[in-house]
Amino acid sequence: MEALVSRIKRDGTVLGDDILKVDSFLTHQVDPKLMRQIGQTFAQKFADSGITKVVTIEASGNVPAAYVAEELDVPMIFAKKAKNVTMNDELLTAEVYSFTKKITSTVQISRKFLSENDKVLIIDDFLANGQAALGLINILKEAGAQIAGVGIVIEKSFQTGRALVEETGIPVVSLARIAGFDQGQVIFAEADL
Ligand code: G4P
Ligand code: NA
Ligand code: NA
């Protein structure tokens with residue numbers, strides 16, 4: 001997605017060896033017009049896939065996921081990282097290890113929002129080591145839902161996530177793919193859309 005790649009080139013900053021900071025338009029401050037384009041691009045790709053739900057993990061997956069869901073005219077569900085007092089329904093859970101934060105968290109979705117009649121599009125802001133996506137895939141399999149694909153805004157192709165997701169047989173569709181970083185510059189690989 002050309003507009004996204006241009007924006008990363010203009011406003012993204014590289015931190016250390018493997019982190020891209022995009023907090024001015026995606027992960028902290030949000031550019032709604034760019035998000036709408038992201039929503040439209042995924043919605044076009046999956047228009048004929050019979051998607052019934054978009055699923056992500058809080059926090060920053062929520063933003064692109066909501067725009068995709070709006071375009072597909074289906075609900076969006078975000079897996080929660082902490083159990084709150086109102087979550088008194090039966091829960092589907094998965095353990096997600098974050099290599100970045102070096103912690104394992106339990107993520108959960110109420111079973112009542114998913115069924116074997118659902119066909120789900122998973123959306124996330126970043127794909128790095130794939131642990132978040134794999135956790136969501138486990139939850140969706142437990143629910144008996146079909147999974148149409150994993151849609152990613154920014155894929156770091158030099159990390160293991162894409163291969164791990166594709167090993168499950170689920171296609172990955174990324175709007176920007178980063179091959180690596182070189183002296184603070186982002187090197188892009190060819191994107192899927
Ligand atoms: P993984 O799910 O692919 O295994 O990702 P990993 O554990 O490596 O990443 C942990 C968190 O860091 C995720 O956010 C992920 O979106 C984010 N992340 C990974 N690589 C980058 C990067 O290069 N830049 C930025 N800005 N974020 C990155 P999270 O912990 O789920 O939480 P939240 O920030 O959405 O609340
Ligand atoms: Na994040
Ligand atoms: Na995320």
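Thresholds applied
Residues numbered from 1 in each chain as written. Chains lettered and ligands numbered in written order. Predicted model: local features only at pLDDT ≥ 70, side-chain atom pairs only at ≥ 80, totals over all residues. Heavy atoms only, no water. Core = buried A, V, L, I, M, F, W, Y, C linked by side-chain atoms within 4.5 Å. Buried < 20%, exposed > 50% of the residue type's maximum accessible area, 1.4 Å probe, protein only. Helix = DSSP H or I, 4+ residues; strand = E, 2+ residues; numbered from the N terminus. Contact = heavy atoms within 4.5 Å. UniProt positions renumbered as here; feature names shortened; annotations may be inferred. Pairing = 2+ DSSP bridges. Axes fitted to C-alpha atoms, helices over the stretch in contact; angles between N-to-C directions. Parallel < 35°, antiparallel > 145°, perpendicular 65-115°, else oblique. Left-handed = near helix turned anticlockwise from the far one by under 90°. Nonpolar A, V, L, I, M, F, W, Y, C, P; charged D, E, K, R; others polar. Lys, Arg positive; Asp, Glu negative; His and termini not counted. Salt bridge = Lys/Arg side-chain N within 4 Å of Asp/Glu carboxyl O.

S.K.: Outline the nonpolar core, supporting the account with residue identities and numerical values.
M.R.: Counting residues in hydrophobic clusters, the biggest one holds 33 residues, and the most contacted among them are L4, L20 and I38. For this core, the secondary structure elements donating two or more residues are helix 1 (2–11), helix 2 (32–45), helix 3 (62–72), strand 7 (119–127), strand 8 (146–156) and strand 9 (172–182). When neighbours within four sequence positions are excluded, I38 is seen to be in contact with M1, L4, P64, V68, V153 and L175. I77, L127, I139 and I170 belong to the second largest nonpolar core, which has 27 residues in total.

S.K.: Quick rundown of the UniProt feature "binding site: xanthine" (unreviewed entry) in the protein? Include the residues and the values.
M.R.: Under the present numbering, the feature "binding site: xanthine" (unreviewed entry) in UniProt falls on L20, T27 and K156. Along the chain, L20 falls in strand 2 (residues 19–21). Contacts of L20, omitting those with residues within four sequence positions, involve I8, G12, T13, V14, F126, I154, I178, F181 and V186. With respect to the helices and strands, the residue T27 is situated in the loop between strand 2 and helix 2. Not counting the four nearest positions on each side in its chain, T27 is found in contact with V22, S60, D125 and F126.

S.K.: Now, about the pairing of strand 3 (residues 53–57): what can you tell me, with residues and values included?
M.R.: Side-chain direction in a regular strand flips from residue to residue, so the side chains alternate between the two faces of the sheet. For strand 3, the buried fraction is high: five of the five residues fall into the buried class. The alternating pattern of strand 3 places K53, V55 and I57 on one face and V54 and T56 on the opposite face, and all of these are buried. As paired strands, strand 3 and strand 7 are joined by three bridges and run parallel to one another. Of the residues in strand 7, the one forming a bridge with V55 is I122.

S.K.: Could you give an account of the packing of helix 2 against helix 3, with specific residues and numbers?
M.R.: Packed helices, taken two at a time, are described by the angle their axes make and the gap between the axes. Contact geometry for helix 2 and helix 3: axes closest at 8 Å, N-to-C directions at 55°. On the basis of their axis angle, the class for helix 2 and helix 3 is oblique. The two elements helix 2 and helix 3 meet at a crossing, and its hand is right-handed. Along the contact surface, helix 2 presents P32, M35, R36, I38, G39, Q40, F42 and A43, while helix 3 presents V63, P64, Y67, V68, E71 and L72. Its residues assigned to classes, the contact of helix 2 with helix 3 shows 10 nonpolar, two polar and two charged.

S.K.: Which residues make up the side chain of D124, and what values do they have?
M.R.: Tracing the sequence through the fold places D124 in strand 7. No salt bridge is formed by the buried D124, whose closest oppositely charged neighbour, K81, lies at an N-O distance of 8.1 Å. Sequence-distant contacts of D124, defined by excluding residues within four places in its chain, comprise T56, G61, A132, G151, I152 and V153.

S.K.: Can you lay out the sheet that holds strand 4 (residues 76–79) for me, pointing to particular residues and giving the numbers?
M.R.: Sheet architecture is open: six strands sit in the order 4-3-7-8-9-10, paired in mixed fashion. The two strands at the open ends of the sheet, each matched to only one other strand, are strand 4 and strand 10 (185–189). The mean angle between the axes of side-by-side strands here comes to 30°, regardless of whether they run parallel or antiparallel. Pairing analysis gives six bridges linking strand 8 to strand 9, with the strands arranged parallel.

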